[in-house]
Amino acid sequence: MRIPLDRQNSLPLYQQIETYLRQGILSGSLAPETRLPACRQLARDLGVNRITVENAYSGLEADGLVFSRVGSGTYVLPPNPLPPVQKSSPEADWPLWQQSLQAHNIVAKSGLADEMLKAAGHAHPISFASGISDSRQFPADDFRKVLQAVMRRDGIDALDYGERAGYRPLREGIAHILASQGLQVPAENILITAGSQPAISLVAQVLLKPEDVILVESPTYNIAVDLFNRLGFIVVGIPMDGQGMQVEKLEKLLQQHHPKLIYTIPNFHNPTGTCLTGARRRQLIILADRYNVPILEDDFVGDLRYEGRAQPALKSLDPGGQVIYVSTFSKMLMPGIRVGFLAADGPVYDSLLGFKRLSDLATSTLIQRALEAYVTVGRYQAYLRRSILLFRKRRDAMVSAIDRYLPAGTAYDPPQGGLFLWLRLPEAMSADELLPLACEEGVSFAPGSHFFAGGSSGREWMRLNFVSQPAEEIEVGIKRLGKAIRRMSVRQ
Ligand SMILES: Cc1ncc(COP(=O)(O)O)c(C=O)c1O
């Protein structure tokens, strides 16, 4: 009997044999009363140990699929009208190629905190764990009207694949918005994507191959790190402080690791909320240029500044072709429209354009046209101004509630913009251990360990989203958090 075995597979050989025979029996290709090869014989045929085959046979026997007659051999039983006994791993019945996928699956940490909050069953849960702004503020009505107007105006043109780089008037609108922020990028250098996550993915896949090193801030946006790991890159962290990436430590890392890309979030960083200083921005560009390493600048909420002076985008300091800039309408407007973009110059733009076509053919034409109509009528700027006013108040509400309700020893720097406040717990307290208690009290947050590659550091940190709840809820939520922290200190 020939059974295909994959010795690189993480699934033990006895389970591979058992799965193969099980499928044969259940599909009928191994008929009842068929005599299976003797263990010794099959072990020899497959080049495995006899015990491996015996283990496979006893698994089948335990499930009532075969029986052994003393001195005669092992035989296939007729189909059992009763369902087979539940295995300890219900996935064991999937085809082998599916089972090997399980070993590579990355368990996404985002969303876990809110699942835990839901499971705790509090009557009025408050989440500070989300990564978006307040969905109650989305301009849903305006957008519905714009969508209808675009369908009336453009008809079937709005339902075509459209231009490869994205709807030209939207690219021009984006170029306008960027220019108002001091970043001059012609529409020809903009590529529209379905959010900024696909833009990050495109850049990563075009520039790197498995085993290449990518430098990222540590901590950083967890879904980018999960993506880089899934693509087989070696992720190396650059330490941060209250002023963003510690660029002083970068040169050594460049010399040591020869990275193929530096991924950075210079404005209102996720998760720390910090902004990279002007001097560090200039130094970063100089080093990237000197060591011939491209920079991927993720400006996911650069517009949401509540105070302080904006620093120039890295892309605006680019001596030419060194920086690829990505941004999104997800945080400033709505994540579900799935529109983001990248700006790049030089041959890499065409590589990205070509690869995007292979990946998804096109980004929704209808949504791009609607967004263009929405953005150009000035509503975007007005909406942004309103959001800034509202979110600044919420930031202040969170800062004041923290000062009133959290015990001494918690520390944070008030963020000047963005969505997140990065809070350190009192000495030796772990946010991962605090989370279940906080959920019992009816509040959740994103534990800091989720944002460090490897997940073993940052246990004393948590990320609090201060824009997604009204001020009154923030007050109640932080009060609950204070109670959970005090409960935990008593336990320790
Ligand atoms: C830093 C950062 N970059 C990019 C993204 C991707 O967002 P989207 O694909 O919705 O644009 C997120 C989402 O949370 C983020 O936090």
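All of the points below concern the structure found in this document.

Basis of the calculations
- Residues numbered from 1 in each chain as written.
- Predicted model: local features only at pLDDT ≥ 70, side-chain atom pairs only at ≥ 80, totals over all residues.
- Heavy atoms only, no water.
- Core = buried A, V, L, I, M, F, W, Y, C linked by side-chain atoms within 4.5 Å.
- Buried < 20%, exposed > 50% of the residue type's maximum accessible area, 1.4 Å probe, protein only.
- Helix = DSSP H or I, 4+ residues; strand = E, 2+ residues; numbered from the N terminus.
- Contact = heavy atoms within 4.5 Å.
- Axes fitted to C-alpha atoms, helices over the stretch in contact; angles between N-to-C directions.
- Parallel < 35°, antiparallel > 145°, perpendicular 65-115°, else oblique.
- Left-handed = near helix turned anticlockwise from the far one by under 90°.
- Nonpolar A, V, L, I, M, F, W, Y, C, P; charged D, E, K, R; others polar.
- Pairing = 2+ DSSP bridges.
- Right-handed = clockwise from strand over helix to strand, strands pointing away.
- Expected span 1.5 Å × (residues − 1).
- Arc of directions from axis to C-beta.
- Polar contact = N/O pair within 3.5 Å; in protein donor to acceptor, adjacent residues only side chain to side chain.

Now for the nonpolar core. Within the largest apolar cluster, 107 residues are counted, with the highest numbers of intra-cluster contacts made by Phe228, Tyr263, Phe329, Leu464, Ile478 and Leu481. Per-element accounting of this core gives the leading share, eleven residues, to helix H14 (residues 379-405). Those residues within four positions of Ile478 in sequence are excluded, and the remaining contacts are Phe128, Met398, Ala401, Ile402, Tyr405, Leu406 and Leu464. Counting 19 residues, the second largest nonpolar core, distinct from the first, contains Ile238, Val247, Ile262 and Leu287.

Another point: the packing of helix H15 (residues 431-441) against helix H16 (residues 471-491). The N-to-C vectors of H15 and H16 enclose an angle of 130°; their axes lie 9 Å apart at closest approach. Considering their axes alone, H15 and H16 lie oblique with respect to each other. For H15 against H16, the interelement crossing comes out right-handed. Along the contact surface, H15 presents Glu433, Leu434, Leu437, Ala438, Glu440 and Glu441, while H16 presents Arg480, Leu481, Lys483, Ala484, Ile485, Arg487, Met488 and Arg491. In the contact of H15 with H16, the residues fall into seven nonpolar, no polar and seven charged.

Neither face of strand S9 (residues 261-264) is left uncovered, since the one carrying Leu261 and Tyr263 and the one carrying Ile262 and Thr264 both have all their residues buried. Sheet topology note: the strand S6 (residues 213-218)/S9 ladder contains three bridges and is parallel. Of the residues in S9, the one forming a bridge with Ile214 is Leu261. With three bridges joining them, S9 and strand S10 (residues 295-298) adopt parallel strand pairing. In the strand pairing of S10, Thr264 is matched with Glu297. Viewed along the sheet, the connection from S9 through helix H11 (residues 278-290) into S10 turns out right-handed.

Moving on, we come to helix H3 (residues 50-62). Its 13 residues place the ends of H3 18 Å apart at the C-alpha level, agreeing with the 18 Å of an ideal helix rising 1.5 Å per residue. Residues of H3 that are buried include every one of Thr52, Val53, Ala56, Tyr57, Gly59 and Leu60, and no others. The buried residues of H3 occupy an angular sector of 155° when projected down its axis, which confines them to one face. Contacts made by the buried residues of H3 are with helix H1 (13-27), strand S1 (35-36), helix H2 (39-46), strand S2 (66-69) and strand S3 (73-76). The opening residue of H3, the one whose side-chain oxygen lies 3.0 Å from the backbone nitrogen of Ile51, is Asn49.

To continue, consider the sheet that holds strand S11 (residues 323-328). Reading across the sheet, the eight strands line up as S5-S12-S11-S10-S9-S6-S7-S8 and stay open at both edges, with mixed pairing between neighbours. The strands lining the two open edges of the sheet, one partner per strand, are strand S5 (190-193) and strand S8 (244-245). Where S10 lies against S11, four bridges are found, and the strand directions are parallel. Residue pairing for S11: Ile295 is matched across the bridge by Val323. This element, helix H7 (residues 168-180), spans S5, S11 and strand S12 (340-343) of the sheet and lies at about 110° to S5. Sheet strands touched by helix H10 (residues 250-257): S6, strand S7 (234-241) and S9. Its angle to S7, the strand with the most contacts, is close to 170°.

Scope: geometric values only; no functional claims are made or implied.
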